[in-house]
Amino acid sequence: MDIEKILESINNNEKLGNSFSQSVYLIDKDKILKMYNNVDKGKNELDYLNYFNGNLNVPGVLDSGMYDNRFYIVMDYVEGENYTDEEEFVLEDDMYKKIGALLGNMHNLDPLKEATWKSYMLYRVERNYEFLKSKNVDLDIDSCYEYLKDMISTLSYESHPMHADFRMGNLILGENPYLIDLESVKSGDPVFDFVKLY
C-alpha cells in the first residue's frame, strides 16, 4: 500500500479523529488509516489487533509500517454507531449483553505480553510523585509515595488482557459490537476496564 500517495489524497473531510497520540482518516470509504505520534502505542495496537482477530470483534489489519517517523496501521472500516462519552444514549438490552460478552471474552484470553499493568501503575505513581515534589505541595509526599508503591506491589490478580481505556467511545456498535483503539491494551486485572463506565 502506498501510504505517501494515500496521505497526499486525504483532505480534512476524511479525518475522523485526532488526539494527542494519533490521527485517524477514512480512506476509500472502507479503510481506516491511523497515524501514531507514539510508535510504541501504534505497535501495541497492531500486536493486539492481530492477537484478538479471530477471537474478538476487532477491525482487520491490512497494512502497517513507518512513514515520516510515525507508525501507521491501515485497517478495515467497521460500519456502525460510535458514541462520544458526553452523549446520552439508550441501547437495546441485547446490545448491552453483546458488549458484556465481548469484554468478557477479551478478559478470558491468555495474556499476550508479560503483566504490564502493575509496572505501568508504578510508573504513574513515580511520575506523579516527581511532579508533586517539584510543586512543593504541603503534604507528606514521601509517605504517600511509599504507601502507594507498597500497595501496588502487593496486589495479586490473575493477569488477562484489559483494554485500559474501555468506554462507549471505544466501541463501534453495528449488528455486533467491535472494540477499537487498542493502543493502551495491557495485561493485568480486568476489573480496571470498568473504571470509566460509572
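For the structure itself, look to the data block above.
First, a word on what this report is: a plain description of the structure on this page. What you see is a predicted model; the values in this text were computed from it and never measured. (Residues numbered from 1 in each chain as written. Predicted model: local features only at pLDDT ≥ 70, side-chain atom pairs only at ≥ 80, totals over all residues. Heavy atoms only, no water.)

Quick word on helix H4 (residues 117-134)
The terminal C-alpha atoms of H4 lie 26 Å apart, and with 18 residues this matches the ideal 26 Å at 1.5 Å per residue to within 8%. Among the residues of H4, those classed as buried are Trp117, Val125 and Tyr129. Viewed end-on, H4 has its buried residues packed into an arc of 115°, placing them on one side of the element. Along its buried surface, H4 packs onto helix H5 (141-154), strand S6 (160-162) and strand S9 (186-188). (Helix = DSSP H or I, 4+ residues; strand = E, 2+ residues; numbered from the N terminus. Expected span 1.5 Å × (residues − 1). Buried < 20%, exposed > 50% of the residue type's maximum accessible area, 1.4 Å probe, protein only. Arc of directions from axis to C-beta. Contact = heavy atoms within 4.5 Å.)

A short note on the sheet that holds strand S5 (residues 70-76)
One open sheet holds the five strands; their spatial order is S1-S2-S3-S5-S4, and the pairing between them is antiparallel. Lying at the two open borders of the sheet, with one neighbouring strand each, are strand S1 (15-18) and strand S4 (61-67). Strand-to-strand twist across the sheet, computed as the mean angle between neighbouring axes with direction ignored, equals 15°. Sheet topology places S1 next to strand S2 (residues 22-27); three bridges connect them, and they run antiparallel. Within S2, the residue paired with Asn18 across the bridge is Ser23. The strands touched by helix H2 (residues 39-52) within the sheet are S2, strand S3 (31-36), S4 and S5, with S5 carrying the most contacts at an inclination of about 30°. (Pairing = 2+ DSSP bridges. Axes fitted to C-alpha atoms, helices over the stretch in contact; angles between N-to-C directions.)

Description of unusual backbone geometry
Of note, Asp68 is a non-glycine position whose phi angle comes to about 55°, a positive value. Positionally, Asp68 belongs in the loop between S4 and S5. The exposure class of Asp68 is exposed, given its relative accessible area of 61%. A positive phi angle, near 65°, is found at Asn69, a position not held by glycine. Within the secondary structure layout, Asn69 lies in the loop between S4 and S5. By relative accessible area, Asn69 is classed as exposed at 69%.

Regarding the side chain of Lys31
Within the secondary structure, Lys31 is located in strand S3. According to the relative accessible area criterion, Lys31 is buried, its value standing at 16%. At a separation of 2.9 Å, a polar atom in the side chain of Lys31 contacts the side chain of Asp30. Setting aside chain neighbours within four positions, we find Lys31 in contact with Met1, Tyr25, Leu26, Leu62, Val74, Met75, Asp76 and Tyr77. (Polar contact = N/O pair within 3.5 Å; in protein donor to acceptor, adjacent residues only side chain to side chain.)

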